[in-house]
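Next come the chains, spelled out residue by residue.
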Amino acid sequence: MMSNFKMSAMMAENLPMDEEEKQAIDECIPIKNFERGTVLLREGQVAKDSYFNLKGCVRHYYIIDGEEKTTAFYTEGESIASLSSYVNKTPANHYLECVEDCTLAVLNYDKERELYGRVKGFESLCRASVEEDLGKQQQLLAAYITKSPEDRYLDLLENRPELLHRVPQYHLASYLGVKPESLSRIRKRIAEKK
């Protein structure tokens, strides 16, 4: 398990902190373990926490007409948040679920606001992180709209190949916007081309 000390050290790489500020981070951002299958957020709940993934994989999905539609996987080094629900205090319209056993830094909304006052530069660090995440999401959305399922799978092979071994095929198929049988055919076609 990652200690709060290690979390503080990771943050210190991007944000110089004195001992008092490091202690504030340790107090306000606990590191917690979650078992595979844990649902961090359900549709209809208001998100009170955001997360930073230290170990494991978290899936973001919707249930539409009784079918799960996966829209994101968050792995090590990535922030996880239901941003609209978290910021606006509105019910989420999706789920966040641990696909693997996870170790996550947990940031409560109220503690985040407290840290803005206690740690110089923390708000700027959070803003920069959100801006980076927004840019990535825009690229993913554009790729999803403009590329074929086969091209999306090739992108996955190139940019996130570890997901092929960490996530069940039916979740990957949903993420790519195809049925599991279609994903099997795509994989077979690609293998035959090699």
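Calculation criteria
Residues numbered from 1 in each chain as written. Predicted model: local features only at pLDDT ≥ 70, side-chain atom pairs only at ≥ 80, totals over all residues. Heavy atoms only, no water. Axes fitted to C-alpha atoms, helices over the stretch in contact; angles between N-to-C directions. Helix = DSSP H or I, 4+ residues; strand = E, 2+ residues; numbered from the N terminus. Parallel < 35°, antiparallel > 145°, perpendicular 65-115°, else oblique. Contact = heavy atoms within 4.5 Å. Buried < 20%, exposed > 50% of the residue type's maximum accessible area, 1.4 Å probe, protein only. Core = buried A, V, L, I, M, F, W, Y, C linked by side-chain atoms within 4.5 Å. Phe/Tyr/Trp six-rings, centres within 6.5 Å; stacked < 30°, edge-to-face > 60°.

Attention shifts here to the packing of helix α4 (residues 109–118) against helix α5 (residues 122–146). It is at 7 Å that the axes of α4 and α5 come closest, and there the two elements cross at 125°. Considering their axes alone, α4 and α5 lie oblique with respect to each other. Where α4 abuts α5, its residues Glu112, Leu115 and Tyr116 lie against Phe122, Glu123 and Cys126.

Of note, serine 82 is situated in the loop between β6 (79–80) and α3 (83–88). Judged by its relative accessible area of 3%, serine 82 falls in the buried class. With residues up to four places along the chain from it excluded, the contact list for serine 82 reads Leu41, Ala47, Ala92, His94 and Leu96.

Before going further, it helps to examine unusual backbone geometry. Of all residues except glycine, most have a negative phi; of all peptide bonds, most are trans. For aspartate 65, which is not a glycine, the phi torsion comes out positive at approximately 50°. With respect to the helices and strands, aspartate 65 occurs in the loop between β4 (58–64) and β5 (67–74). Relative accessible area serves as the criterion here: at 81%, aspartate 65 is assigned to the exposed category. In the Ramachandran plot, lysine 89 falls in the positive-phi region, its phi being about 60° despite a non-glycine side chain. On the basis of relative accessibility, which here comes to 40%, the residue lysine 89 falls in the partly exposed class.

Attention shifts here to the nonpolar core. With 31 residues, the main nonpolar core has Ile29, Leu40, Val58, Leu104, Leu115, Val119 and Phe122 as its most contacted residues. The dominant element in this core, judged by the number of residues it contributes, is strand β8 (residues 102–108), at five residues. Excluding residues within four positions of it along the chain, valine 58 makes contact with Leu40, Asn53, Ala72, Phe73, Tyr74, Ile80, Leu96, Glu97, Cys98, Val99, Cys102 and Leu104. Among the nonpolar cores identified, the runner-up in size contains 16 residues, and Tyr153, Leu172, Tyr175 and Ile190 belong to it.

Considering all chains together, one arrives at five aromatic pairs under this definition. Look at tyrosine 61 and tyrosine 95: their rings are 5.0 Å apart centre to centre, the planes differ by 10°, and that puts the pair in the stacked class. With tyrosine 61 in strand β4 and tyrosine 95 in strand β7 (residues 95–98), the pair connects residues that are 34 residues apart, well separated along the chain. Residue classification places tyrosine 61 among the buried residues on the basis of a relative accessible area of 5%.

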